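Survey of secondary and tertiary structure
So you can see what is in the structure, the chains are spelled out below.
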Amino acid sequence: MPLKRHHRLMLRAYLAYSRITRGMTLGVRAVLLKDETLVLVKHSYVPGWYLPGGGVEAGESLKDALQREIHEEAGAVLTGEPLLFGIYRNGRARPGDHVALYVCRDWERTPPEPSAEIVACEAFVLNDLPADITPSTLARIREVLESRPPATDW
């Protein structure tokens, strides 16, 4: 079975399991900004470029989850405090899913090796973002850069 298909099946199984076992799920995403660049990642199981992030584990704080996820996905380590920008409903993923979005301007990065989950991680110049960035990712970036209030839905 091709790797991408395997990951899609695993993701679907995890989401189905989550619907049964959890009333609500919570994730974190990071807008990693520095020197007019932004870090984005590509996953093996969905198309397009995304902000790095992922799920908050049981007993884990939002900040701890943020630090873990940006390190795992983007090779980034915070050197200053992240700013909580907004909390979004992510009904497209599932009705009880929510995402906390952080703006991180103080961090260091060593690009990670591609993994089974993350197949690419790149820093893009803000005025030259990739064509296949996801619409929700682009909307969040615009909210941050244009100092717009966060939307309700991801």
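Residues numbered from 1 in each chain as written. Predicted model: local features only at pLDDT ≥ 70, side-chain atom pairs only at ≥ 80, totals over all residues. Heavy atoms only, no water.

**What about the pattern of salt bridges?**
- All told, the structure shown has nine salt bridges when counted by the stated rule.
- By sharing partners, the salt bridges in this structure join Glu60, Arg68, Glu69 and Glu72 into a single network. (Salt bridge = Lys/Arg side-chain N within 4 Å of Asp/Glu carboxyl O.)

**Notes on the packing of aromatic side chains**
- If you walk through the whole model with that rule in mind, you get two aromatic pairs.
- Centre to centre, the rings of tryptophan 49 and phenylalanine 124 are 5.0 Å apart; their planes meet at 80°, and the pair counts as edge-to-face. Placement of the pair is tryptophan 49 in strand S3 (residues 49-50) and phenylalanine 124 in strand S9 (residues 118-125), with a sequence separation of 75 residues.
- Ring centres 5.1 Å apart and planes at 90° place the aromatic pair tyrosine 88 and tryptophan 154 in the edge-to-face group. Highlighted residues: tyrosine 88 in strand S6 (residues 83-89) and tryptophan 154 in the segment after helix H3 (135-145), separated in sequence by 66 residues.
- It is lysine 34 that lies over the ring of tryptophan 107; its NZ or CZ is 4.7 Å from the centre.
- Its guanidinium or amino end placed over the ring of tryptophan 154, arginine 140 lies 5.3 Å from that ring's centre, counting from NZ or CZ. (Phe/Tyr/Trp six-rings, centres within 6.5 Å; stacked < 30°, edge-to-face > 60°. Helix = DSSP H or I, 4+ residues; strand = E, 2+ residues; numbered from the N terminus. Lys NZ or Arg CZ within 6 Å of the ring centre and 35° of its normal.)

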